[in-house]
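Results of the structural survey
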Amino acid sequence: MEWWKGEARTYRAKQKEHLDRLATTQEKSVPSKPRPTAFSWEEIEIIFLSDFKVQIKIDGKPTEASNHAELGFESKQNGNLDKPG
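In short, a report on the structure. (Residues numbered from 1 in each chain as written. Predicted model: local features only at pLDDT ≥ 70, side-chain atom pairs only at ≥ 80, totals over all residues. Heavy atoms only, no water.)

**Some details on the overall build of the protein chain**
- From N to C terminus, the protein chain includes one helix and three strands.
- The helix and strand sequence of the protein chain, counted from the amino end, reads α-β-β-β.
- Expressed as a percentage of its 85 residues, the buried residues of the protein chain come to 7%.
- Of the contacts made within the protein chain by residues no fewer than 6 positions apart, 11% connect residues no fewer than 24 positions apart. (Helix = DSSP H or I, 4+ residues; strand = E, 2+ residues; numbered from the N terminus. Buried < 20%, exposed > 50% of the residue type's maximum accessible area, 1.4 Å probe, protein only. Contact = heavy atoms within 4.5 Å.)

**Points about the side chain of Ser-66**
- Mapped onto the elements of the fold, Ser-66 is located in the segment after strand E3 (61–62).
- The exposure class assigned to Ser-66 is buried, which follows from its relative accessible area of 4%.
- At 3.2 Å, the side chain of Ser-66 and the backbone oxygen of Glu-64 are in polar contact. (Polar contact = N/O pair within 3.5 Å; in protein donor to acceptor, adjacent residues only side chain to side chain.)

**Remarks on the sheet that holds strand E1 (residues 44–48)**
- The strand order across the open sheet formed by three strands is E1-E2-E3, and the pairing between neighbours is antiparallel. Each edge of the open sheet is held by one strand with a lone partner, namely E1 and E3. (Pairing = 2+ DSSP bridges.)

**As for the pattern of salt bridges**
- Counted under the stated rule, the structure contains one salt bridge.
- Notably, a salt bridge pairs Lys-16 with Asp-20, separated by 2.8 Å at the nearest N-O pair. On the criterion of helical spacing, the pair formed by Lys-16 and Asp-20 is a turn pair, its members being four residues apart in helix H1 (residues 2–29).
- The partly exposed category is assigned to Asp-20, whose relative accessible area is 39%. (Salt bridge = Lys/Arg side-chain N within 4 Å of Asp/Glu carboxyl O.)

**What about the pairing of E1?**
- Bridge analysis of E1 against strand E2 (residues 54–58) gives five bridges, and the strand direction is antiparallel. Looking at the pairing, Ile-46 lines up with Ile-56 of E2.
- Between E1 and E2, which pair antiparallel and follow one another directly, the connecting turn spans five residues.

**Thoughts on the pairing of E2**
- Where E2 and E3 come together, two bridges link them in antiparallel fashion. By the bridge assignment, Lys-57 is partnered in E3 with Pro-62.
- Between E2 and E3, which pair antiparallel in sequence order, lie two residues; one of them, Asp-59, sits at a positive phi of approximately 55 degrees.

**Topic: the layout of surface pockets**
- Roughly 280 Å³ of internal volume is contained in the second largest pocket.
- Lining the second largest pocket we find 14 residues, and of these Phe-48, Val-54, His-68, Leu-71 and Phe-73 sit closest to its centre.
- Among the elements of the structure, E1 and E2 are those that each provide at least two residues to the lining of the second largest pocket.
- Taken together, the residues of the lining of the second largest pocket sort by class into eight nonpolar, four polar and two charged. (1 Å grid on protein atoms, 1.4 Å probe; cavity = no way out; pocket = protein on both sides within 12 Å on 5 of 7 lines; lining within 4 Å. Points joined across faces, edges and corners; volume = space filled by probe spheres on them. Nonpolar A, V, L, I, M, F, W, Y, C, P; charged D, E, K, R; others polar.)

Shape is all these values report; function is a separate question.
So this is what it looks like as structure tokens:
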């Protein structure tokens, strides 16, 4: 019985580590400034500045240029661009 208790404690500790790591990752990916909101697709314009940067205009107002990671398309495993599967 003591062996199971030890295994349960180890499992809970690993689970807590994992959840803490996820929370930290999510905090990093949250934009620091609120972004403007569009109410229809007609208000959105996407401008490709390079292979890695885009700028989004909402109702004619430009946002900061962003890369894939800043837009939330980065792999949580290695930081690379997530490609559909």
